[in-house]
Amino acid sequence: MKLVPFKNVSITGGFWYEKQKINRENTLPIEYQQCKDTGRLDAWKLDWKPGMPNQPHVYWDSDVAKWIEAVGYSLAQNPDPELEKLADEVIQWMADAQQPDGYLNTHFTVVEPDKRWTNLRDLHELYCAGHLMEAAVAYYQGTGKRTLLDTLEKYADYIATVFGTGESQKRGIPGHEEIELALVRLAETTGKKKYLELASYFIEERGRQPHYFDIERKARGDESPYRLGGPDILPYAYNQSHLPVREQTTAEGHSVRACYLYAGMASVARETKDESLAKACKTLWNNITTKRMYVHGGIGSSRFGERFSFDYDLPNEDAYAETCAAISLVFFARNMLRLEKNADYANVLENTLYNGVISGISMDGKQFFYDNILASHPKYHKYSGQKSPQRQDWFGCACCPPNIARLIASISDYLYTQSDDTLWIHLFAEANANIRLKNTNVNLTSKTEYPWQETIDYTVNPDAEKSFTIAIRLPDWCDNPSILVNQEAIDLEKANKNGYAYITRTWKKGDKIHITFPMPVKRVYAHPSVRQNCGKVAIKRGPILYCLEECDNGKDLAALRLPPIAEFEVKASPESIGSVPMLIAPALRRDPSPWNGKLYSTNTPKYKSAQLVAIPYFLWANRGPGEMTIWINE
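Within every chain, residues take consecutive numbers counted from 1 along the sequence as written. In keeping with the model being predicted, local features are shown solely for residues with a pLDDT of at least 70 and side-chain atom pairs are shown and tallied solely at 80 or more, while totals for entire chains, interfaces and linings include all residues. Side-chain measures here rest on the full set of heavy atoms in the structure, leaving out hydrogens and waters.

Draft legend 1. Inspection of the overall build of the protein chain at higher detail. The helix and strand tally for the protein chain stands at 17 helices and 23 strands. Just to be clear, the radius of gyration here is over C-alpha atoms, and the globule rule we use is 2.2 Å times residues to the power 0.38. Against the globule reference of 26 Å for 634 residues, the protein chain gives a C-alpha radius of gyration of 25 Å, in line with a compact fold. Counting only C-alpha atoms and orienting by the principal axes, one finds that the protein chain spans roughly 75 × 75 × 50 Å. The buried share of the protein chain, taken over its 634 residues, is 59%. The long-range fraction of contacts in the protein chain, counting pairs at least 24 apart against all pairs at least 6 apart in sequence, stands at 71%. Taken as a whole, the protein chain presents about 24800 Å² of accessible surface, with 49% of it coming from carbon and sulfur. The positive count covers Lys and Arg only, the negative count covers Asp and Glu only, and His and the chain ends enter neither. To locate a charge, take atom NZ for lysine, CZ for arginine, CG for aspartate or CD for glutamate. The distance from the centre of the 74 positive side-chain charges to the centre of the 79 negative ones in the protein chain is 2 Å. Every helix listed is a DSSP run of H or I at least four residues long, and every strand listed is a run of E at least two residues long, numbered separately from the N terminus. Buried means the residue's accessible area, taken with a 1.4 Å probe over protein chains only, is under 20% of the maximum for its type, while exposed means over 50%, and partly exposed covers the values in between. It only takes one pair of heavy atoms within 4.5 Å for two residues to be counted as in contact. Only the protein chains shown count as cover for residues, with accessible areas throughout obtained via the Shrake-Rupley method and a probe of 1.4 Å.

Draft legend 2. Local environment of the packing of aromatic side chains. Classification of ring pairs uses Phe, Tyr and Trp, with its six-membered ring standing for Trp, and accepts pairs whose centres are within 6.5 Å; under 30 degrees between planes counts as stacked, over 60 as edge-to-face, and the remaining range as tilted. As enumerated under the stated definition, the model contains 28 aromatic pairs in all. Ring geometry for tyrosine 103 versus tryptophan 117: centroids 5.4 Å apart, planes at 90°, classification edge-to-face. Here the residue tyrosine 103 occupies a position in the loop between α3 (81–97) and α4 (106–110), and tryptophan 117 occupies one in the loop between α4 and α5 (125–143), the gap between them amounting to 14 residues. Judged by its relative accessible area of 0%, tyrosine 103 is buried. Residues phenylalanine 213 and tyrosine 236 carry aromatic rings whose centres are separated by 5.6 Å and whose planes lie at 55° to one another, so their mutual orientation is tilted.

Draft legend 3. Representation of the side chain of aspartate 61 in the model. On the secondary structure map, aspartate 61 appears in helix α2 (residues 60–77). Every case where a carboxyl oxygen of Asp or Glu lies within 4 Å of a side-chain nitrogen of Lys or Arg is listed as a salt bridge. Of the side chains with opposite charge, arginine 40 lies nearest to the buried aspartate 61, which makes no salt bridge, at 8.7 Å. Contact partners of aspartate 61, with chain neighbours within four places excluded, come to Trp44, Leu104, Asn105, Thr106, Cys128 and Leu132.

Draft legend 4. Representation of the sheet that holds strand β8 (residues 455–462) in the model. Sheet architecture is open: seven strands sit in the order β2-β6-β7-β8-β14-β10-β11, paired in antiparallel fashion. With one partner strand each, in any of the chains shown, β2 (9–13) and β11 (488–489) form the two edges of the open sheet. When DSSP finds at least two bridges between two strands, those strands are taken to pair. The pairing of strand β6 (residues 430–437) with strand β7 (residues 440–448) spans six bridges and is antiparallel. Counted as the bridge partner of isoleucine 435 is valine 442 from β7.

Dropping the structure here:
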């Protein structure tokens, strides 16, 4: 599968149009100002001196890079001279900051110039380089301007001289992965195979013995053994370098690093047609999605190390599920989708986007979650030392805000992929696309109120009548989909291949595709080994996961019970959360009277009739503090 050129697809209305509008008008300006106020932008001027405030941090470059990447995507669809001027100014600072040999890093240029490449394990040099490469590609694709792309090609060329298997080269690897998938994007954009080869090197070298992190640790005089996680956790599992990648069978360690690595592995496997690497990707994918992924698509269940823990360990109130981790899973899913035509990847991608990702940003695009918990009690957070259960303006480690901005700005890049004769539709949005199939230009437009409404209408307009295939994903949450082409029903049993309905015909101007994905409310049950959710149920309608909030249901959400036979009514939610569909059902609430004046009672609990109100999970915490839960006692 090839990506449809980014500038050939635009979101024209509906859910993602509104998200992109808020991203463009609110989020990007706020993030620019935060980067300015915290010194992240001025760091590129290289005028920091010891004793001055705002010492450039080892990961600051990546925050600015992600903001530029988001701007590049935004400008491709919505030209904005003022925003472009701001980005161009920062990009010129970056170009001017590049050292004669090609090196580009604010921290190590002005703070520790003698420690370049001495601690790859912890200090983010290659990670920052990767994000700069992705920014360069996006800004070039969005504006056609080459300044940042040329700068990052020079940096990549320099990195290729430093690392490798040559006699004078370091056999180093990044402690925080990201550069692997970035190098593949750089190779795709420039047509230069050497960047793909460098990405492949970083992947193949991972986990080899003697371990490079041990070598560099001893070289800098650090004699302490590396065991992040305790004596029972494999050394270097935290950064996925405990084994060569083909021998890794479970997702381990820091979840963002892990899925950035796996996304890079899938990209390299696709480009090199490496079947054993692809097999390793599938093994890791299956472990995550069948044993270590939250119902909202979040990953990384342990707050200690922001990491995966063990199979079926998915706590709710103590969940970590970092926004960046959900985004990294989206990247992994898309790259697996390009590797193999299987809707399982797109199903996870969609679920994660609508639930575990966009929960990380407020309705107005001005505040952010770092972690995305599945249950909340404000006082518990206060006394447990967790971050506030309310979104924040910014973070000291601000990886999540610009990450979610770049993903929302690039969402049109996730709708379709293509080959020479087939177009795959993975996500459903109101959009306009121009695609070349069978040497014919094809315009595809769509109208929909998805994910709130169940119908999507496409109009197919090829320049000339031509036979080609359109493959439409059949979501795993939908039991009875229907597709009509010019009012004629498609036999989906025959058309279905790996979760896509393949429709091959001679298409002509004005052909209509009408899709209906019925959206009854569904109950979701966790695997019995997920001990935290036994006897509980979650609620979905279409791709949207729902939750309970205190402001709708009162305190003590754990006292509520949802009877197995209760049926849901769909109503418009309050205007304060956008009047989107909310769900109402008859429920039961435990009568607290037997405990009057007591902490424990031997009386059999009794229940009173109650009403349960559920709203889309991604909208929680937009109406002030209070309890929240996804999983409901049944």
